[in-house]
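Each chain is listed here by its residues.
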Amino acid sequence: MLSVRLVVIVLALVTLPACSRGPEDALDDYLARLTRALDVSAVDDVASVPLSPGPTRRTLALAEPELNINLLEYLSLSGCELGRVLGQRNSALGRVAPASQRLHSERDILQSLPDCIHQLTDTEPELAASLQAVLATKIQARMKYWWNGWMTSQEWQAFSSPAAPLLPYDEAAADELLSAARQATGFALRQGQAWQAKSFGYDSTVMEAHQQQWLATEALGSWRRSQAALTEISRQAALQIDKRIGERPLCPAGRKTPQAEIVQTVFSRFYAAGLQPYLSRVDRYGDAVLADLRGLGELAEVTPEWDAWLASLAAEKAALRDAHLLHVRKWQVLLRQCGMMPGQDTSHPAPVHTE
């Protein structure tokens, strides 16, 4: 019930009216205010690097073993639950079922095979032996079924799409959305760990509700887009500050000036109280989602494309860290010139210098 409730909440969040302050507007507003306060011309836009689309369903899919049962064998299974399960899977709808439905089918086969083998041991010993071999093969391939059920799904494609919107700038909205996304990924991890331990039972409706949370939040793609936007803004802001430092000192005598007070307001209201908390939320989710994705990958024999993609995500995260550190260092130089750094001793004017 909690999963379904969260899906409803997330859907409400992502359909909020556009009148609320969006992240793009907030980031652009910070850069525009900074440029005006510094009284410098805008620097050329930092070239943005397009986000890689990520691995496709085809490159993520793991090859599954085929289950071949002839007509006579199938008729012998009519007294087993397995016969009904195979009938559903081989139906017209079953053959075109989405990834999650195929995983449900594999769960039902794995759960019904032992009972059917037991029923046929005395009456159909050869068929029972064949089914025992099928069971062994399916148990060996169980993590492929689990992986494909999640990672080749439409929900995963939406969750990881780089076309997703930026994460909400509002703290409460962002926390709600990211909580729902992490809850869904956590369910996938726990389910995978259970399958690894050969425990196949789960509620189909609950799993599908969690996959819907992936689809509704688009959180992985939103994190990447937000991170890219913050990287670009941080680099541009650092260039703006560096341009002012290089052209002329903000405080020639090393003391606060009226213009410096305006710059300090931009720092405190729009950077420290606005952009910085947003960046911290994005960064914290990055730590969490990368750990979750590594955990998912450790449960199956993933394709090389998956490992390469995780490495690219880590590189994107490192790029934001480097851009942010540069941004912070430029602010420190500028504020020290005016004796405005928090904790700075203002009894002695700071020397005017450039970094």
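Computed from a predicted structure; not experimentally measured.

Help me out: how do you make sense of the overall build of the protein chain in this one?
Each helix and strand counted, the protein chain has 15 helices and zero strands in total. Here the protein chain, with 355 residues, has 46% of them falling under the buried criterion. Contacts spanning at least 24 positions in sequence make up 84% of the contacts within the protein chain whose residues lie at least 6 apart.

I tried to follow the packing of aromatic side chains on my own but got confused; where do I start?
Each aromatic ring pair is summarised here by two numbers: the centre-to-centre distance and the angle between the ring planes. Using the criterion set out here, one finds 16 aromatic pairs in the structure. Note on Phe159 and Trp214: the rings are 5.0 Å apart at their centroids and 15° apart in plane angle, and the pair reads as stacked. With Phe159 in helix 10 (residues 154–160) and Trp214 in helix 12 (residues 204–217), this pair connects stretches of sequence that are 55 residues apart. Per residue, the accessibility class of Phe159 equals that of Trp214, and both read buried.

Would you mind showing me how to read unusual backbone geometry here?
Most peptide bonds take the trans form, and the phi angle of most residues other than glycine is negative. Even without glycine at this site, Lys198 takes up a positive phi of about 65°. Counting through the fold element by element, Lys198 comes out in the loop between helix 11 (171–196) and helix 12. A positive phi angle is found at Glu218, which is not glycine, with a value near 55°. Assignment of secondary structure puts Glu218 in the loop between helix 12 and helix 13 (219–247).

I'm lost on the nonpolar core in this one. Help?
Here is a general trend for soluble globular proteins: nonpolar side chains tend to be buried in one another's company. Grouped together as the largest cluster of nonpolar side chains are 92 residues, with contacts concentrated most on Tyr30, Trp147, Trp156, Leu293, Trp306 and Trp331. Here this core takes 15 residues from helix 14 (residues 258–298), the largest share from any one element. Each residue touching Trp331, except ones within four places of it in the same chain, is listed here: Tyr30, Leu34, Ile241, Val263, Phe267 and Tyr271.

Whenever I open this one, the side chain of Gln213 confuses me. Can you help?
You can see Gln213 is positioned in helix 12. At a separation of 2.8 Å, a polar atom in the side chain of Gln213 contacts the main-chain carbonyl oxygen of Ala180. There is a polar contact of 3.2 Å between the side chain of Gln213 and the side chain of Gln183.

Would you mind going over the environment of Leu120 with me for this structure?
Along the polypeptide, Leu120 turns up in helix 7 (residues 99–120). In this structure, the C-alpha to C-alpha distance between Leu120 and Leu77, residues 43 residues apart in sequence, is 8.6 Å.

What is the right way to read the packing of helix 14 against helix 15 (residues 304–337) from this model?
Two measures define how a pair of helices packs: the angle their axes make with one another and the distance between the axes. The N-to-C vectors of helix 14 and helix 15 enclose an angle of 160°; their axes lie 11 Å apart at closest approach. Taken together, the axes of helix 14 and helix 15 lie roughly antiparallel to each other. Once helix 14 is placed against helix 15, the crossing between them reads as left-handed. When its residues are assigned to classes, the contact of helix 14 with helix 15 shows 16 nonpolar, five polar and four charged.

What am I meant to see in the state of the cysteines here?
Two cysteines form a disulfide when their sulfur atoms are joined by a covalent bond. Enumeration according to the criterion identifies two disulfides in this entry. In this model, Cys80 is linked to Cys116 through a disulfide, with the two sulfur atoms separated by 2.3 Å. On the sign convention where negative is left-handed, the bridge of Cys80 and Cys116, at about 80° about the S-S bond, is right-handed. Linking Cys80 in the loop between helix 4 (71–76) and helix 5 (81–89) with Cys116 in helix 7, this pair joins segments that are 36 residues apart in sequence. Of the two residues, Cys80 and Cys116, neither departs from the other in class, the shared state being buried. Ordinal numbering of bonded cysteines along the protein chain defines a disulfide pattern of 1-2, 3-4.

Mind showing me how you'd approach the side chain of His324 here?
Following the sequence through the fold, His324 ends up in helix 15. Note on His324: relative accessible area 14%, which makes it buried. Discounting chain neighbours no more than four positions away, the residues touching His324 are Ser234, Tyr271, Gln276 and Leu279.

What is the right way to read the pattern of salt bridges from this model?
Pairs may arise between side chains of opposite charge once their charged atoms sit close together. On inspection of all chains with the given rule, the structure shows twelve salt bridges. In this structure, Arg84 engages Glu81 in a salt bridge whose closest nitrogen and oxygen atoms are separated by 2.3 Å. On the criterion of helical spacing, the pair formed by Arg84 and Glu81 is a turn pair, its members being three residues apart in helix 5. Judged by its relative accessible area of 41%, Glu81 is partly exposed. For Arg224, the salt bridge identified is with Glu316, shortest N-O distance 2.7 Å. With Arg224 in helix 13 and Glu316 in helix 15, this pair connects stretches of sequence that are 92 residues apart. Using a relative accessible area of 0% as the deciding quantity, one classes Arg224 as buried. By relative accessible area, which is 18% here, Glu316 ends up buried. What emerges from the salt-bridge pattern is a single network uniting Asp39, Glu247 and Arg248.

Cut-offs used in this document
Numbers given for residues are sequential positions, taken from 1 along each chain in its written order. In keeping with the model being predicted, local features are shown solely for residues with a pLDDT of at least 70 and side-chain atom pairs are shown and tallied solely at 80 or more, while totals for entire chains, interfaces and linings include all residues. Excluding hydrogens and water, the side-chain values take into account all heavy atoms of the structure. Helix numbering and strand numbering both begin at the N terminus, where a helix is a DSSP run of H or I of at least 4 residues and a strand a DSSP run of E of at least 2. Only protein chains enter the accessibility calculation, which uses a 1.4 Å probe; a residue whose area is less than 20% of its type maximum is buried, one above 50% is exposed, and one in between is partly exposed. Throughout, a residue-residue contact means that at least one pair of heavy atoms, one from each residue, lies within 4.5 Å. Stacked, tilted and edge-to-face are the three classes assigned to paired rings of Phe, Tyr and Trp, where Trp is represented by its six-membered ring and a pair needs centres within 6.5 Å; plane angles under 30 degrees give stacked, over 60 edge-to-face, the rest tilted. Take the buried residues of types Ala, Val, Leu, Ile, Met, Phe, Trp, Tyr and Cys, join any two whose side-chain atoms come within 4.5 Å, and each joined set is a nonpolar core. Contacts described as polar in this section are N or O atom pairs within 3.5 Å, which, within protein, must combine one atom able to donate a hydrogen with one able to accept it, while residues neighboring in sequence count only if both atoms come from side chains. Interaxial angle, 0 to 180 degrees, is taken between N-to-C directions of lines fitted to C-alpha atoms, where a helix line uses only the stretch in contact. In these notes the angle categories are as follows: under 35 degrees is roughly parallel, over 145 is roughly antiparallel, 65 to 115 is roughly perpendicular, and the rest is oblique. By convention the crossing between two helices is left-handed if the near helix lies anticlockwise of the far one by an angle smaller than a right angle, and right-handed if it lies clockwise. Residue polarity follows a fixed list, in which Ala, Val, Leu, Ile, Met, Phe, Trp, Tyr, Cys and Pro are nonpolar, Asp, Glu, Lys and Arg are charged, and the others, Gly among them, are polar. Two cysteine sulfur atoms make up a disulfide if the distance between them is within 2.5 Å. Throughout this description, the term salt bridge denotes a Lys or Arg side-chain nitrogen within 4 Å of a carboxyl oxygen of Asp or Glu.

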